[in-house]
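# Summary of structural features
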Amino acid sequence: MKLLEQRIVSDGIIGAGNVLKVDSFLNHQMDVEFLNKLAEEFYRLYKDCGVNKILTIEASGIGIACLTAQFFKVPMVFAKKSKTKNIAGDVYTSKVESFTHGTVYDIIVSKNFLNPDDKVLIIDDFLAKGQALLGLTKLVKDAGAEVVGCGIVIEKAFQDGGEIIRNSGVRVESLARIKSMSVEDGVEFC
Ligand code: 5GP
C-alpha cells in the first residue's frame, strides 16, 4: 500500500536490533483516520471469506483490529498476555516469544470467545519472526475454529516469519513489506 510505505519513510525511525519505530502513527500515538484506511484495505482483501471474528494480541494490535472489526461488523477478541503461572482450564493458551523484549510469555483467550464455527481473521501490527501469529493460530486451532488468514500492517520480509506462516498454509496479507532497512540506507520495500 503506497500510502503506508510513504508514511513509514516519512515518520518511521529505524532503531537498534531490527526494530522499526512507528510510534507517531501506529504503536503509541495513533493516527486513527489514517489507520482506518488500512483497516478498510484488510476488509477489501478478506470481505468474501466469511469472517465472523477478528483476533489480535494485546496491546499494539488492538487499535487496528478494532477498526478492522468495524468494517466487517463482527466482534474483535484480543489474546491477553498472562502472568499467571497456573492457567485455569476455561481458556485456550499458547506460548509466544516476544521479538521486541526477548522473553517468553503465555497468551490466553477465554473459551467463551472462540468457537468451533468461527472463521477468524488474525490482525497484528508487525510480522517479524512469526511467533505472535503462530501463538494466535494455535489458539484458533485448539478451539476447533478456522483461520481465514492474517492481516499485517508491516511485515519485515527480511525476517523469516512470513515464510514460516505462509508455508504452514495460512494466507498472509501485509500492507507494507520491508525488504531491508538500515540507519544508513533507510527502508527498502519488496
Ligand atoms: P514476531 O512474533 O512476528 O516475531 O513479532 C511480532 C510482534 O513483535 C508484533 O506483535 C509487534 O508488536 C512486535 N514487533 C516485531 N517487530 C517489530 C518492530 O520492528 N517494531 C515494532 N514496533 N514492533 C515489532
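As shown above, the structure is provided for reference.
A brief look at the structure comes next. For every chain, the first residue of the written sequence is number 1, and numbering continues from 1 onward in sequence order. For a predicted model such as this one, the threshold for reporting local features is a pLDDT of at least 70, and the threshold for listing and counting side-chain atom pairs is 80 or more; totals across whole chains, interfaces and linings nevertheless cover every residue. The basis for every side-chain value is the complete set of non-hydrogen atoms in the structure, without hydrogens or water.

## What to know about the packing of helix α3 (residues 32-46) against helix α4 (residues 62-72)
For clarity, the cut-off: Orientation is described by axes fitted as lines to C-alpha atoms, over the contacting stretch for helices, and by angles from 0 to 180 degrees between their N-to-C directions. Per the convention used, a helix needs a DSSP run of H or I reaching at least four residues, while a strand needs a run of E reaching at least two, with both numbered from the N terminus. Roughly parallel means an angle under 35 degrees; roughly antiparallel means over 145; roughly perpendicular covers 65 to 115; every other angle is labelled oblique. Two helices that cross are described as forming a left-handed crossing if the nearer one is turned anticlockwise from the farther one by less than a right angle, and a right-handed crossing if clockwise. When checking whether two residues touch, look at their non-hydrogen atoms; a contact exists if any pair is within 4.5 Å. Here the term charged refers only to Asp, Glu, Lys and Arg, the term nonpolar to Ala, Val, Leu, Ile, Met, Phe, Trp, Tyr, Cys and Pro, and the term polar to all other amino acids, Gly among them.
Closest axis-to-axis distance for the α3/α4 pair is 8 Å, and the angle between their directions is 50 degrees. Considering their axes alone, α3 and α4 lie oblique with respect to each other. Considering only the axes of α3 and α4, their crossing is right-handed. Packed against α3, whose contacting residues are Val 32, Leu 35, Asn 36, Leu 38, Ala 39, Glu 40, Phe 42, Tyr 43 and Tyr 46, the element α4 presents Ile 64, Leu 67, Thr 68, Phe 71 and Phe 72 at the interface. Residues of the contact of α3 with α4, tallied by class, amount to eleven nonpolar, two polar and one charged.

## Section: unusual backbone geometry
Definition in use: Buried means the residue's accessible area, taken with a 1.4 Å probe over protein chains only, is under 20% of the maximum for its type, while exposed means over 50%, and partly exposed covers the values in between.
Glu 58 connects to Ala 59 through a cis peptide bond whose omega is 0 degrees. Structurally, Ala 59 can be placed in the loop between β3 (53-57) and α4. Look at Asn 18: it is not a glycine, yet its phi comes out positive at around 60 degrees. Asn 18 gets classed as partly exposed once you look at its relative accessible area, which sits at 35%. One non-glycine residue, Lys 73, lies in positive phi territory at about 60 degrees. Structurally, Lys 73 is set in the loop between α4 and β4 (76-82). For Lys 73, a relative accessible area of 73% gives the class exposed.

## Concerning the site of the ligand
The following threshold applies: Throughout, the term near means that a residue has one or more heavy atoms lying within 4 Å of the molecule or strand in question. Any pair of N or O atoms that falls within 3.5 Å is considered a polar contact. Within protein, one atom must be able to donate a hydrogen and the other to accept it, and sequence-neighbouring residues count only if both atoms are side-chain atoms. Values of accessible area rely on a 1.4 Å probe in the Shrake-Rupley scheme; residue burial ignores everything except the protein chains shown. Lining residues are those with an atom within 4 Å of a point, where the points come from a 1 Å grid over the protein atoms alone and group into cavities, where a 1.4 Å probe fits but cannot get out, or pockets, open sets with protein on both sides within 12 Å along at least five of seven lines. Grid points define the cavity or pocket, and a molecule sits in it when more than half of its atoms lie within 2 Å of them.
Surrounding the ligand, one finds 17 residues, the nearest of these being Leu 20, Lys 129, Gly 130, Ala 132 and Lys 156. Separating an oxygen atom of the ligand from a side-chain N or O atom of Ser 60 is a distance of 3.4 Å. With respect to the ligand, the backbone of Gly 130 contributes an N or O atom lying 2.7 Å from an oxygen atom. Summarising the interface, the protein chains cover 89% of the accessible area of the ligand, which totals 500 Å² for the free molecule. Mapping the ligand onto the cavity grids shows that it belongs to the largest pocket. For the shell around the ligand, the secondary-structure elements that each account for two or more residues are β7 (119-127) and α5 (131-142). When grouped by side-chain class, the residues that make up the shell around the ligand number seven nonpolar, six polar and four charged.

## Some remarks on α4
Taken as a whole, α4 has its buried residues at Ile 64, Ala 65, Leu 67, Thr 68, Ala 69 and Phe 72. Contacts from the buried residues of α4 go to α3, β3, β4, β7 and β8 (146-156). Following α4 by one or two positions, Lys 73 has its phi on the positive side, about 60 degrees.

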